[in-house]
Amino acid sequence: MVTRSAWHGLAAWRRGLLLGAMVVAIAGDAPGAWAQTKITQSGTPENLLTRQFTLIAGGFFAFNSTDIQVNNSSTGQDGTNINLEDDLGLDTFDATPFGEARWRITPHHRIELGIFPLNRDGDATAETELIIDDLVIPVGGQVKSSLDLVLGRVTYGYSFINDGKKEAGIMVGAHIANLDYDVDLISTTGGSSSVSSTGDEFTAPLPHVGVMGGYAFRDDLVLDGRVVGFYVEVGDYTGWLLEAETKLTYMVWENVGLGLGARYFRFSLNADNSSFDGDLDFQFIGPTAFAVVTF
């Protein structure tokens, strides 16, 4: 059964796709023009592998799994290792918009930006005792929780090969993860309710390196993808990430296209400081649907 939060996510995705459709209506040229091969001044085909600017907007259907342990930094007491979906009732499935931008400075050099928000809420009854920072949730405790994640990405890519038919290269850059969580324990005594809360917000830089590639079956049909990852120890942070994405894009018009894809992302973080003391392991996987505008 799709939960109310998932329907909210689907509504957000539909709004994003409607915006993409409006862009299509404004920017599109006559259908069929792109079926003919176009050649750049350098003699290479003109398609998604060579276009200077590319904008992507669409929706991501994410299946999530989140494990978190928050220790009490004041007393040193270890927190419980909690799965937010199973223990706190956060949605396993959600649909959310995403956006990307690509600037090809030259056919062999490019800069990419991306943003992906994922906000979830949950209600649950604790089946075991849960300790989160200084909050102790007893068995049977009524819990409301939220987890808001904004994942940004900036990447530089260098293509060893890009002849308009195929592309292969390397990438280096960073993800910026902003995480805001809140957990409320609702207690009822004598007909009145009280709320005990814990929560925090922190931002973690997650550098990455990886490989990318693309192949143009035709100038209006392009498959591209990337795999990036990294392991880092910086100060009080230790973490790693892995991301893989592939997209198949069909250019309905010369400058406007539609596509389908799939994406997997996972990052693990261990921190021991005043902002966050504990462990976080977050992953999502799922299909994407999007609109593309190039110019």
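Each chain carries its own residue numbering, running from 1 in the direction its sequence is written. Reporting in this predicted model follows two pLDDT cut-offs: at least 70 for local features of residues, and 80 or more for side-chain atom pairs to be given and counted; totals over whole chains, interfaces and linings ignore these cut-offs and use all residues. No hydrogens and no water enter the side-chain calculation; it runs on all heavy atoms of the structure.

Student: Would you mind showing me how to read the overall build of the chain here?
Tutor: By definition, any uninterrupted DSSP run of H or I lasting at least four residues is a helix, any uninterrupted run of E lasting at least two residues is a strand, and each is numbered from the N terminus. Across its full length, the chain holds two helices and 13 strands. Classification of residues uses two cut-offs on accessible area relative to the type maximum, computed with a 1.4 Å probe and protein chains only: under 20% is buried, over 50% is exposed, and between them is partly exposed. Counting across all 295 residues of the chain, residues that qualify as buried make up 47%. Residues count as neighbours in contact if any of their non-hydrogen atoms are within 4.5 Å of one another. A separation of at least 24 residues holds for 67% of the contacts in the chain among residues at least 6 apart in sequence. Using a 1.4 Å probe, accessible areas were evaluated by the Shrake-Rupley method; residue-level cover was limited to the displayed protein chains. As displayed, the chain offers around 13900 Å² of accessible surface, 60% of which is attributable to carbon and sulfur atoms.

Student: Quick question: what am I supposed to make of the pairing of strand β11 (residues 237-251) here?
Tutor: Along any regular strand the residues' side chains alternate between the sheet's two faces. Bridge count for strand β10 (residues 221-234) against β11 is 14 bridges, and the pairing is antiparallel. In the sheet register, Phe 230 faces β11, and the bridge partner there is Leu 241. With 15 bridges joining them, β11 and strand β12 (residues 256-272) adopt antiparallel strand pairing. By the bridge assignment, Leu 241 is partnered in β12 with Phe 267. Any two strands with at least two DSSP-identified bridges between them are counted as paired.

Student: Teacher, can you tell me more about the pattern of salt bridges here?
Tutor: The rule for a salt bridge is simple: a side-chain nitrogen of Lys or Arg has to be within 4 Å of a carboxyl oxygen of Asp or Glu. The final tally for this structure, using the stated rule, is 17 salt bridges. Arg 110 is the salt-bridge partner of Glu 112, the closest N and O atoms lying 2.7 Å from each other. Taken as a pair, Glu 112 and Arg 110 share a single burial class, namely buried. Three or more residues joined by partner-sharing salt bridges are found here, namely Arg 102, Arg 104, Arg 110, Glu 112, Arg 153, Glu 167 and Asp 224.

Student: Would you take a moment to explain the environment of Arg 51 for this structure?
Tutor: Tracing the sequence through the fold places Arg 51 in the loop between α1 (4-27) and β1 (53-70). Spatially, the C-alpha atoms of Arg 51 and Ile 105 are 9.9 Å apart, while their sequence positions differ by 54 residues. Counted as a polar contact is a pair of N or O atoms within 3.5 Å, where, for protein atoms, one must be capable of donating a hydrogen and the other of accepting one, and residues adjacent in sequence contribute only when both atoms are in side chains. Here the side chain of Arg 51 touches Glu 46 through a polar contact of 2.8 Å, side chain to side chain.

Student: Is there a simple way to think about the confidence of the model for the chain in this case?
Tutor: As a note on interpretation, predicted positions should not be read in detail where pLDDT is low. You can read pLDDT as the predictor saying how much it trusts each residue, on a scale of 0 to 100. Counting all residues, the mean pLDDT for the chain is 83, and 82% of those residues have values of 70 or more. Note that residues 1-36 has pLDDT below 50 and, in this model, 45 contacts with residues that lie over four places away or in other chains.

Student: Can you walk me through the side chain of Thr 96 in this structure?
Tutor: Looking at where Thr 96 falls in the secondary structure, it is placed in strand β3 (residues 93-106). Exposure remark for Thr 96: the relative accessible area of 7% places this residue in the buried category. A polar side-chain atom of Thr 96 sits 2.6 Å from the main-chain carbonyl oxygen of Pro 117.

Student: Explain the packing of aromatic side chains here, please?
Tutor: Describing an aromatic ring pair means giving the distance of the ring centres and the angle of the ring planes. Centres within 6.5 Å are what make two rings of Phe, Tyr or Trp a pair, Trp counting through its six-membered ring; a difference in plane orientation under 30 degrees is then read as stacked, over 60 as edge-to-face, and the rest as tilted. Scanning the entire structure with this criterion turns up twelve aromatic pairs. Seen from their ring centres, Phe 63 and Phe 93 are 5.0 Å apart, and the 55 degrees between their planes marks the pair as tilted. Placement of the pair is Phe 63 in strand β1 and Phe 93 in strand β3, with a sequence separation of 30 residues. A residue is classified by how much of its surface remains accessible, and Phe 93, at 22% relative accessible area, is partly exposed. The rule for a charge over a ring is simple: NZ of Lys or CZ of Arg within 6 Å of the ring centre, and within 35 degrees of the ring normal. Here the guanidinium or amino end of Arg 263 rests over the ring plane of Phe 116, the centre of that ring lying 5.2 Å away.

Student: Help me understand unusual backbone geometry, please; the structure alone is not making it clear to me.
Tutor: Although it is not a glycine, Asp 133 adopts a positive phi angle of roughly 55 degrees. Its location among the elements puts Asp 133 in the loop between β5 (130-132) and β6 (135-137).

Student: Mind showing me how you'd approach the environment of Val 70 here?
Tutor: Assignment of secondary structure puts Val 70 in strand β1. The exposure class of Val 70 is buried, given its relative accessible area of 5%. Distance in space between the C-alpha atoms of Val 70 and Phe 276 is 7.4 Å, their sequence separation being 206 residues. Apart from the residues within four sequence positions on either side, Val 70 is in contact with Gly 79, Ile 131, Ile 132, Asp 133, Tyr 181, Phe 276 and Asp 277.

Student: Even after reading the chapter, I still don't get the nonpolar core, so can you show me in this structure?
Tutor: Across soluble globular proteins, nonpolar side chains show a tendency to be buried alongside one another. By size, the foremost hydrophobic cluster in this structure holds 48 residues, and its most contacted members are Leu 88, Ile 132, Ile 137, Val 183, Phe 267 and Phe 284. At six residues, strand β8 (residues 166-189) tops the list of elements feeding residues into this core. Among all residues touching Val 183, those that are not within four sequence positions of it are Leu 88, Ile 132, Leu 135, Ile 137, Val 143, Lys 144, Ser 145, Ser 196, Ser 197 and Thr 198. To qualify as a nonpolar core, a set must consist of buried Ala, Val, Leu, Ile, Met, Phe, Trp, Tyr and Cys residues joined through side-chain atoms within 4.5 Å.

Student: Just checking my understanding: could you explain the pairing of β3 for this structure?
Tutor: As paired strands, β1 and β3 are joined by eleven bridges and run antiparallel to one another. Within β3, the position partnered with Phe 53 by the bridge is Trp 103. Here β3 pairs with strand β4 (residues 109-125) via seven bridges, running antiparallel. Bridge assignment links Thr 106 to a residue of β4, and that residue is His 109. A loop of two residues connects β3 with β4, the two strands running antiparallel in sequence.

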